[in-house]
Amino acid sequence: MRADRLVAALLLLQQRGRVTAAELAAELEVSVPTARRDLEALSAAGVPVYPQPGRGGGWSLVGGARTDLSGLTSGEAQALFLLVGPAATVSDEAKAALRKLVRALPATFRDDAVAAAGATTIDPARWGDPVRPEPALVRELRPAVIQRRRIRLTYQGRGAERSHRLVEPWGLVDKDGVWYLLAGTDRGRRTYRVDRIIAADTTDELFERPADFDLGTAWGDVVEEMEGRRSRVWATVLVDPRHVPILADQFGRHCHEVGLEPSGRARLRLGGSIPLDLARILAGWGSLVEVLEPQSVRDLLSKLGTELVVAYS
């Protein structure tokens, strides 16, 4: 059950005073049973919502109860605005939402909240790299994710083939400027690179996301699987301990420290997708890194060294 949908239901109740399950379902674009469960969930959570049976009935807030952000502590308010402040630079809508959040705070918290919102900015580009704009297709997919509408994808695979698929968009992920769509299909969960989606048509077909689905957890599983594919070959190397942090930064999660040798050098395990990838990276270290095994990487390093000698002698 979506927290954002429950908040939307509560705000609608505050605005209208009374709504029926059918009216709420139409507003939130969900089924009537789902809307009724949302209202029951609000009541179970302690929100003073109660049903009135019969003609002219519906669901109402007891005494016209309202909610605001006054339940936040000063530290919680600052933490919230540190988080949402950088996002407010994305669009005029985000800026307007931030202003409304500020007005909903107790007056004594507002100055610190405004300061927190402007305390951080995010520069997503690495040094020397251009900023990657958010793909236009992401803005088309996002409403389908929020509204729980199935989409028809035309997808370009790694080869030249194209396929057409009806999927349930569960969530979007920005991975260092590359966007991915996590979706439900008749074959289970699938991950699609947004830049390989040729076309996406949102349908009127609604779906329910699995109750136990969590986007962060699901993406963690995807990353684990993908990183596993990228480290099919492992090399054992010896290196001066002062170079370990550099190799750890270069190889990321594919660098494992084993321990120190009696000679004082550090023993590491370095992973790569194929022996040649490992050899190409390690060749740049010259004699600073000694590869103990596998022999395939040692042989490729020898070959690369010979080629360099021939080219530059």
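What counts, and where the lines are drawn
- Residues numbered from 1 in each chain as written.
- Predicted model: local features only at pLDDT ≥ 70, side-chain atom pairs only at ≥ 80, totals over all residues.
- Heavy atoms only, no water.
- Helix = DSSP H or I, 4+ residues; strand = E, 2+ residues; numbered from the N terminus.
- Buried < 20%, exposed > 50% of the residue type's maximum accessible area, 1.4 Å probe, protein only.
- Contact = heavy atoms within 4.5 Å.
- Areas by Shrake-Rupley, 256 points an atom, 1.4 Å probe, with all protein chains shown as cover.
- pLDDT = per-residue confidence, 0-100.
- Salt bridge = Lys/Arg side-chain N within 4 Å of Asp/Glu carboxyl O.
- Phe/Tyr/Trp six-rings, centres within 6.5 Å; stacked < 30°, edge-to-face > 60°.
- Axes fitted to C-alpha atoms, helices over the stretch in contact; angles between N-to-C directions.
- Parallel < 35°, antiparallel > 145°, perpendicular 65-115°, else oblique.
- Nonpolar A, V, L, I, M, F, W, Y, C, P; charged D, E, K, R; others polar.
- Left-handed = near helix turned anticlockwise from the far one by under 90°.
- Pairing = 2+ DSSP bridges.
- Arc of directions from axis to C-beta.
- Polar contact = N/O pair within 3.5 Å; in protein donor to acceptor, adjacent residues only side chain to side chain.

## Concerning the overall build of the chain
And step 1. Helices and strands together make up the secondary structure of the chain, namely 11 helices and 12 strands.
And step 2. Here the chain holds 313 residues, and 34% of them are scored as buried.
And step 3. In the chain, the share of contacts with a sequence separation of at least 24, taken over all contacts with a separation of at least 6, comes to 58%.
And step 4. As presented, the chain carries roughly 19,200 Å² of accessible surface, and 53% of it is formed by carbon and sulfur atoms.

## Some thoughts on the confidence of the model for the chain
And step 1. Mean pLDDT over the chain works out to 84, with 89% of the residues at or above the 70 mark.
And step 2. Put simply, helix 1 (residues 3-16) is where the chain has its lowest mean pLDDT, 70, and strand 12 (residues 289-293) is where it has its highest, 96.

## Quick notes on the pattern of salt bridges
And step 1. Scanning all chains against the criterion turns up 13 salt bridges.
And step 2. The closest approach of N and O atoms between Arg139 and Glu134, which form a salt bridge, is 3.7 Å.
And step 3. Taking the relative accessible area as the measure of exposure, Arg139 reaches 47% and is therefore partly exposed.
And step 4. Note that Glu225 is salt-bridged to Arg229, the shortest N-O span being 2.6 Å. Pair noted here: Glu225 and Arg229 are both in helix 8 (residues 215-230), with a separation of 4 residues, about one helical turn.
And step 5. Take Arg229: its relative accessible area is 39%, and that puts it in the partly exposed class.
And step 6. Three or more residues are tied together by salt bridges with common partners; here these are Arg150, Arg152, Glu168 and Glu205.

## Overview of the packing of aromatic side chains
And step 1. Considering all chains together, one arrives at 3 aromatic pairs under this definition.
And step 2. Between Tyr155 and Tyr192 the ring centres are 5.0 Å apart and the planes differ by 70°, which places this aromatic pair in the edge-to-face class. Of this pair, Tyr155 sits in strand 4 (residues 149-156) while Tyr192 sits in strand 7 (residues 188-193), placing them 37 residues apart in sequence.

## Overview of the packing of helix 2 (residues 21-28) against helix 3 (residues 32-44)
Axes are the key here: two packed helices are described by the angle between their axes and the distance separating the axes.
And step 1. Running from N to C, helix 2 and helix 3 cross one another at 105°; their axes reach a closest spacing of 8 Å. Of the possible angle classes, the one that applies to helix 2 and helix 3 is roughly perpendicular. Between helix 2 and helix 3, the residues in contact are Ala21, Ala22, Leu24, Ala25 and Leu28 and Val32, Ala35, Arg36, Asp38 and Leu39, respectively.
And step 2. Looking at the contact of helix 2 with helix 3 residue by residue, the class counts come to 8 nonpolar, no polar and 2 charged.

## A look at the packing of helix 10 (residues 275-283) against helix 11 (residues 295-312)
And step 1. In contact at an axis separation of 9 Å, helix 10 and helix 11 are set at 50° when each is read in the N-to-C sense. Between helix 10 and helix 11, the interaxial angle falls into the category oblique. The crossing of helix 10 and helix 11 is right-handed. Listed contacts from helix 11 to Pro275, Leu276, Leu278, Ala279, Arg280, Leu282 and Ala283 of helix 10 are Ser296, Val297, Leu300, Leu301 and Leu304.
And step 2. Within the contact of helix 10 with helix 11, the residues separate by chemical class into 10 nonpolar, 1 polar and 1 charged.

## Brief notes about the environment of Leu153
And step 1. Structurally, Leu153 can be placed in strand 4.
And step 2. Sequence separation between Leu153 and Thr202 is 49 residues; the distance between their C-alpha atoms is 8.9 Å.
And step 3. Ignoring anything within four residues of it in the chain, the contact list for Leu153 reads Ser163, His164, Arg165, Val167, Leu181, Tyr192, Ile197, Ala199 and Ala200.

## Remarks on unusual backbone geometry
And step 1. Omega for the bond connecting Glu293 with Pro294 falls within 30 degrees of zero, at 10°, which places this linkage in the cis form.
And step 2. Residue placement: Pro294 occurs in the loop between strand 12 and helix 11.
And step 3. Within the chain, Arg148 stands out as a residue other than glycine whose phi angle is a positive 60°.
And step 4. Of note, Arg148 is situated in the loop between helix 7 (136-147) and strand 4.
And step 5. A relative accessible area of 8% places Arg148 in the buried class.

## Here's the deal with the sheet that holds strand 4
And step 1. Spatially, the 5 strands line up as an open sheet ordered 7-6-5-4-8, and their pairing is antiparallel. Two strands bound the open sheet, and with one partner strand each, they are strand 7 and strand 8 (197-206). Across the sheet, the mean angle separating the axes of adjacent strands is 45° when strand polarity is ignored.
And step 2. The pairing of strand 4 with strand 5 (residues 162-175) spans 6 bridges and is antiparallel. From the neighbouring strand, Arg152 faces strand 5, where its bridge partner is Leu166.

## Things to note about helix 2
And step 1. Turning to helix 2, its buried residues number three or more, namely Ala21, Leu24, Ala25 and Leu28. One side of helix 2 holds all its buried residues, which, seen down the axis, span an arc of 100°.
And step 2. Downstream of helix 2 by one or two residues, Glu29 has phi in the positive range, about 60°.

## Describing the side chain of Ser231
And step 1. Tracing the sequence through the fold places Ser231 in the loop between helix 8 and strand 9 (233-239).
And step 2. A distance of 3.0 Å separates a polar atom in the side chain of Ser231 from the backbone oxygen of Glu227.
And step 3. Not counting chain neighbours up to four residues away, the residues in contact with Ser231 comprise His254, Gly271 and Gly272.

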